[in-house]
Amino acid sequence: MDIKILSRDVLIKVLEMPKVIHGVESVYKLKARGDVAAWPLVEHHFDGGAVMDIRSGGAFGNVGIHGAKLLNNFPANQDKGLPVFTGILMAFDSETGIPLGVMDASYVTSMRTGAAAAIGASALARPDSENLLLVGAGRQSIYLLGATLIKFPGIKTVRVIDAFDPENAKNYVTTIKDRLKAELGVDAQGVAIEAADNMEEAVGLSDIILTITRSTSPLIMKDWLKPGTHLSCIGADMVGKEEIDPEIFRIARCFADDAKQCCTVGEMEIPAKMGIVTPETVTGEIGEVLAGLKPGRISNDDITVFDATGLAALDLVTAKAAVIAAKEKGLGITAEI
């Protein structure tokens, strides 16, 4: 029995963001129809802030794939010259159970995470949005930015803010246009990209806000938001993480990738513990909006929030696309197991 083994370098060559966006959208729609499973998360915390987590599930129907990914986040590796974020993804055919591929999980995660943030914005933000705020300038931020610029070609200004390392944001904006072009094929030459250092001011100027930080306390307060703002909250994907004021959930139309999971480990976790939201009172799931089952934005003044905790099915549909493309291009290692 043959299986494809795909390295990060191969994945970079075969995955294209527009196709990843299409695959993620298809999974969200399948979930709205009951054809996606998100199985319980497994987490283990090590001394020194390191974390391992396992996410598993499947996308059935016309996708027909299930599996799991094991991710490790070891911050101390940075001082050792080792990758901070590593992982393995395993994908299986859901009709036969036969393994399809084993691959680097970190790049797949980054691509589908960027796609998810952009899809949430596309479904919920005002179509005429011109001002984008990127909160967080870490490793995954380029994927959020690139995917959102694909979805919103009318964006004129991008402000980047790093609440933990302001100097990082200043360095980031000097190279990001070249990186977007080289790494994702996104031409941002017509977009003004600048560093910001005043969060309240930057929030008040923004139509779309993307958050991708490790924060465990709110960075964005309710009173700073102008009417019509959309927030795609991506960083809060484990217990205790928090990027925005829980009070925002009292006034916003709030959407989840998975309502139960978001109220357990997502941006909705703290508001849920405060009694502000429950899985039943969340406005809806993003797949329901994409499938036309629930309305997203109702008026130009709506404040909207998309909480994305990450579904294994998103990684798996991306993995399936990578395996197909790798076979077509003759890339990767074919091993017999």
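All values reported here derive from a predicted model rather than from experimental measurement.

*Asks:* What is the right way to read the overall build of the protein chain from this model?
*Replies:* Along its length, the protein chain carries eleven helices and 18 strands. The C-alpha extent of the protein chain, read off along each of the three principal axes, is 60 × 45 × 40 Å. Counting every position in the protein chain, which comprises 337 residues, the buried fraction comes to 55%. Put simply, of all contacts in the protein chain between residues at least 6 apart along the chain, 72% involve residues at least 24 apart. Across the protein chain, 33 positive and 44 negative side-chain charges occur, with their mean positions spaced 4 Å apart.

*Asks:* What's the story with helix α11 (residues 312-329) in this structure? I'm lost.
*Replies:* Structural remark: α-helix, 3.6 residues per turn; residues separated by three or four positions point the same way. Spanning 18 residues, α11 covers 26 Å between terminal C-alpha atoms, matching the ideal 26 Å at 1.5 Å per step. For α11, the complete set of buried residues consists of A312, A313, L314, D315, L316, V317, T318, A319, A322, V323, A325 and A326.

*Asks:* In this structure, what is going on with the side chain of E285? I would like to understand it.
*Replies:* Looking at the secondary structure, you find E285 in strand β16 (residues 284-285). Within the structure, the side chain of E285 is placed 2.8 Å from the side chain of K31, a separation counted as a polar contact. Leave out the neighbours within four places in its chain, and E285 touches K31, F255, A256, D257, D258 and A259.

*Asks:* So what exactly am I meant to see when it comes to the pairing of strand β10 (residues 192-195) here?
*Replies:* In summary, the side chains of a regular strand alternate between the two faces of the sheet. Alignment of strand β9 (residues 157-161) against β10, held across four bridges, turns out to be parallel. Following the sheet pairing, T157 is matched in β10 by A192. Chirality of the crossover, the property in question, places the unit of β9, helix α5 (residues 166-184) and β10 among those that are right-handed.

*Asks:* Mind showing me how you'd approach the side chain of D302 here?
*Replies:* With respect to the helices and strands, D302 occurs in the loop between α10 (286-290) and β17 (304-307). Although D302 is buried, it makes no salt bridge; R253 carries the closest opposite charge, 4.4 Å away. Polar contacts involving the side chain of D302 include one to the main-chain amide nitrogen of I298, which spans 2.7 Å. Side-chain polar atoms of D302 contact the backbone nitrogen of S299, separated by 2.8 Å.

*Asks:* Honestly, empty space enclosed by the protein in this entry has me stumped. Any pointers?
*Replies:* Sizing a probe to match a water molecule and rolling it over the atoms shows the empty space that remains. Summed over the entire model, instances satisfying the criterion amount to one cavity of 30 Å³ or more. In this structure, the largest cavity spans a volume of roughly 40 Å³. Lining the largest cavity are A38, W39, L41, R55, S56, Q261, G310, L311 and A312. Split into classes, the residues belonging to the lining of the largest cavity amount to five nonpolar, three polar and one charged.

*Asks:* Which parts of the structure should I look at to understand the layout of surface pockets?
*Replies:* Estimated volume of the largest pocket: approximately 1400 Å³. Taken together, 47 residues line the largest pocket, and the ones lying closest to its centre are N73, R139, T213, R214 and K241. Broken down by secondary-structure element, the contributors of at least two residues to the lining of the largest pocket are β4 (51-59), β5 (65-73), β6 (85-93) and α3 (105-124). The dominant element in the lining of the largest pocket, judged by the number of residues it contributes, is α3, at five residues. Considered as a void within the structure, the second largest pocket measures approximately 380 Å³ in volume. The set of elements that each furnish at least two residues to the lining of the second largest pocket consists of α2 (17-32) and α11. At eight residues, the largest contribution of residues to the lining of the second largest pocket is made by α11. Taken together, the residues that form the lining of the second largest pocket break down as eight nonpolar, five polar and five charged.

*Asks:* Would you mind showing me how to read the packing of α3 against α11 here?
*Replies:* Axis angle and axis distance: for two packed helices, these are the angle between their axes and the distance between the axes, and together they describe the pair. Running from amino to carboxyl end, α3 crosses α11 at an angle of 110°, the nearest separation of the two axes being 9 Å. Between α3 and α11, the interaxial angle falls into the category roughly perpendicular. Where α3 abuts α11, its residues V108, T109 and R112 lie against L314, D315 and T318. In the contact of α3 with α11, the residues fall into two nonpolar, two polar and two charged.

*Asks:* Would you take a moment to explain the pairing of β9 for this structure?
*Replies:* For β9, the buried fraction is high: five of the five residues fall into the buried class. The alternating pattern of β9 places T157, R159 and I161 and V158 and V160 on opposite faces, both of which are buried. With helix α4 (residues 141-151) bridging strand β8 (residues 131-135) and the parallel β9, this β-α-β connection has right-handed handedness.

Parameters at a glance
- Residues numbered from 1 in each chain as written.
- Predicted model: local features only at pLDDT ≥ 70, side-chain atom pairs only at ≥ 80, totals over all residues.
- Heavy atoms only, no water.
- Helix = DSSP H or I, 4+ residues; strand = E, 2+ residues; numbered from the N terminus.
- Buried < 20%, exposed > 50% of the residue type's maximum accessible area, 1.4 Å probe, protein only.
- Contact = heavy atoms within 4.5 Å.
- Lys, Arg positive; Asp, Glu negative; His and termini not counted.
- Charge placed at Lys NZ, Arg CZ, Asp CG, Glu CD.
- Expected span 1.5 Å × (residues − 1).
- Polar contact = N/O pair within 3.5 Å; in protein donor to acceptor, adjacent residues only side chain to side chain.
- Pairing = 2+ DSSP bridges.
- Right-handed = clockwise from strand over helix to strand, strands pointing away.
- Salt bridge = Lys/Arg side-chain N within 4 Å of Asp/Glu carboxyl O.
- 1 Å grid on protein atoms, 1.4 Å probe; cavity = no way out; pocket = protein on both sides within 12 Å on 5 of 7 lines; lining within 4 Å.
- Points joined across faces, edges and corners; volume = space filled by probe spheres on them.
- Nonpolar A, V, L, I, M, F, W, Y, C, P; charged D, E, K, R; others polar.
- Axes fitted to C-alpha atoms, helices over the stretch in contact; angles between N-to-C directions.
- Parallel < 35°, antiparallel > 145°, perpendicular 65-115°, else oblique.

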